[in-house]
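Spelled out from the first residue to the last, the chains are:
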Amino acid sequence: MSNKFSQKKICIICEGYEEYDYFSKLIECKVFHSNYTIKLKNARSIDNITAVYQNEFQNDNSDLIMIFCDTEIEPYGQFKNLIKKIDKYHNKKVAKDIVFFANPCTMQIILSHFNSVRLSSNSKVKNAPVIKRLTGVEEYQAKANQRETIMKQVNSSNYSVMKANLSAISCEWQEVPSSNFIELLDKLEQADTSWVTKIEKKFN
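All values derive from a computational prediction rather than experimental measurement. (Residues numbered from 1 in each chain as written. Predicted model: local features only at pLDDT ≥ 70, side-chain atom pairs only at ≥ 80, totals over all residues. Heavy atoms only, no water.)

Participant: Go over the packing of helix H2 (residues 49–59) against helix H3 (residues 77–90), please, and point to the residues and values.
Facilitator: Closest axis-to-axis distance for the H2/H3 pair is 10 Å, and the angle between their directions is 25 degrees. Here H2 lies roughly parallel to H3, going by the angle between them. Crossing geometry of H2 relative to H3 is assigned as right-handed. Here Ile49, Thr50, Tyr53, Gln54, Phe57 and Gln58 of H2 come into contact with H3, specifically with Leu82, Lys85, Ile86, Tyr89 and His90. For the contact of H2 with H3, the per-class residue count stands at six nonpolar, four polar and one charged. (Axes fitted to C-alpha atoms, helices over the stretch in contact; angles between N-to-C directions. Helix = DSSP H or I, 4+ residues; strand = E, 2+ residues; numbered from the N terminus. Parallel < 35°, antiparallel > 145°, perpendicular 65-115°, else oblique. Left-handed = near helix turned anticlockwise from the far one by under 90°. Contact = heavy atoms within 4.5 Å. Nonpolar A, V, L, I, M, F, W, Y, C, P; charged D, E, K, R; others polar.)

This is the structure we're talking about:
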């Protein structure tokens, strides 16, 4: 019988640089329990996630592989294709347990550290005014220096603010805005790692 408090290796495949930088910052803030060793992989595109996932799964370097991405906006073609490919790879409906999303984009989650926001678009131009108002970053285009400036403002104190704001929006991916990201955070905060084993068993 496995120890429910045993150490677990978690690989999180991030869609792109925003997701990678943001999750790196959360790790730096030490908001997750020490029972998890978290490795991040930057897929650099939602279309690359499946290949990165399959490679990681075949190498068997982690206890569990999870995915952090955007849904983009309707008709959600790339996101739905990702779900389909993950389920097809395992010949089981497992994507719902390992894919964590933000609709319409990850900026919905990031800005929730600073205030309650309800983005309706993934357009950087459209979101630029609210990004400037909450972070001071002008004409946001996801450039490295802009991402760095925003990440410096993310900390363990406003982490709880973000969680409270996320809990007020839907967790159904078809709704705008929505995110199930809080589910992943809740899992990684707890000392009990048995949830990892439960998901692992679904692949068998």
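On we go from here.
Participant: Outline the nonpolar core, listing residues and values.
Facilitator: Counting residues in each nonpolar core, the largest one holds 62 residues, and the members touching the most others are Ile10, Ile12, Tyr22, Phe23, Phe181 and Leu188. At six residues, the largest contribution of residues to this core is made by strand E3 (residues 64–70). Apart from residues lying up to four places away in sequence, Ile10 is in contact with Tyr36, Thr37, Ile38, Lys39, Leu64, Met66, Leu188, Trp195 and Val196. (Core = buried A, V, L, I, M, F, W, Y, C linked by side-chain atoms within 4.5 Å. Buried < 20%, exposed > 50% of the residue type's maximum accessible area, 1.4 Å probe, protein only.)

Participant: Tell me about the pattern of salt bridges, and please be specific about residues and values.
Facilitator: Going through the model one piece at a time under the given rule, you end up with ten salt bridges. A salt bridge links Lys25 to Glu28, with the nearest nitrogen and oxygen atoms 3.3 Å apart. Taken together, the positions of Lys25 and Glu28, both in helix H1 (residues 17–28) and three residues apart, correspond to about one turn of that helix. As a salt-bridge pair, Lys152 and Glu148 come within 3.8 Å of each other at their nearest N and O atoms. Residues participating in the shared-partner salt-bridge network are Lys96, Asp97 and Lys202. (Salt bridge = Lys/Arg side-chain N within 4 Å of Asp/Glu carboxyl O.)

Participant: Residues and numbers for the pairing of strand E2 (residues 36–42), please.
Facilitator: A one-sided burial pattern is seen for E2, the buried positions being Tyr36, Ile38, Leu40 and Asn42 and the unburied ones Thr37, Lys39 and Lys41. Summarising the sheet, strand E1 (residues 8–14) and E2 pair through seven bridges and their orientation is parallel. Counterpart to Cys11 in the pairing with E2 is Lys39. Traced from E1 through H1 to E2, the parallel crossover comes out right-handed. (Pairing = 2+ DSSP bridges. Right-handed = clockwise from strand over helix to strand, strands pointing away.)

Participant: I'd like a rundown of the sheet that holds E1, residues and numbers included.
Facilitator: Within a sheet, adjacent strands bond to each other through the backbone by hydrogen bonds, running parallel or antiparallel. Pairing within the open sheet is mixed, and its five strands lie in the order E2-E1-E3-E4-E5. One side of each edge strand has no neighbouring strand; the edge strands of this open sheet are E2 and strand E5 (178–179). In the sheet, E1 pairs with E3 via five bridges, with the strands oriented parallel. Residue pairing in the sheet places Cys14 in a bridge with Phe68 of E3. Against the sheet, H1 engages E1, E2 and E3, with an angle of about 160 degrees to E2. Seen against the sheet, H2 touches E1, E2 and E3 and runs at an angle of roughly 170 degrees to E3.

Participant: How would you summarise unusual backbone geometry if you had to cite specific residues and measurements?
Facilitator: Both trends apply: most residues other than glycine have a negative phi, and most peptide bonds are in trans. Look at the link from Asn103 to Pro104: it is a cis peptide, with omega at 10 degrees. With respect to the helices, strands and loops of the structure, Pro104 is situated in the loop between strand E4 (99–103) and helix H5 (107–111). Backbone torsion omega between Val176 and Pro177 reads -10 degrees, so that peptide bond is classified as cis. Mapped onto the secondary structure, Pro177 falls in the loop between helix H8 (156–166) and E5. For Arg44, which is not glycine, the phi dihedral falls at a positive 70 degrees.

Function cannot be read off these values alone, since they describe shape.
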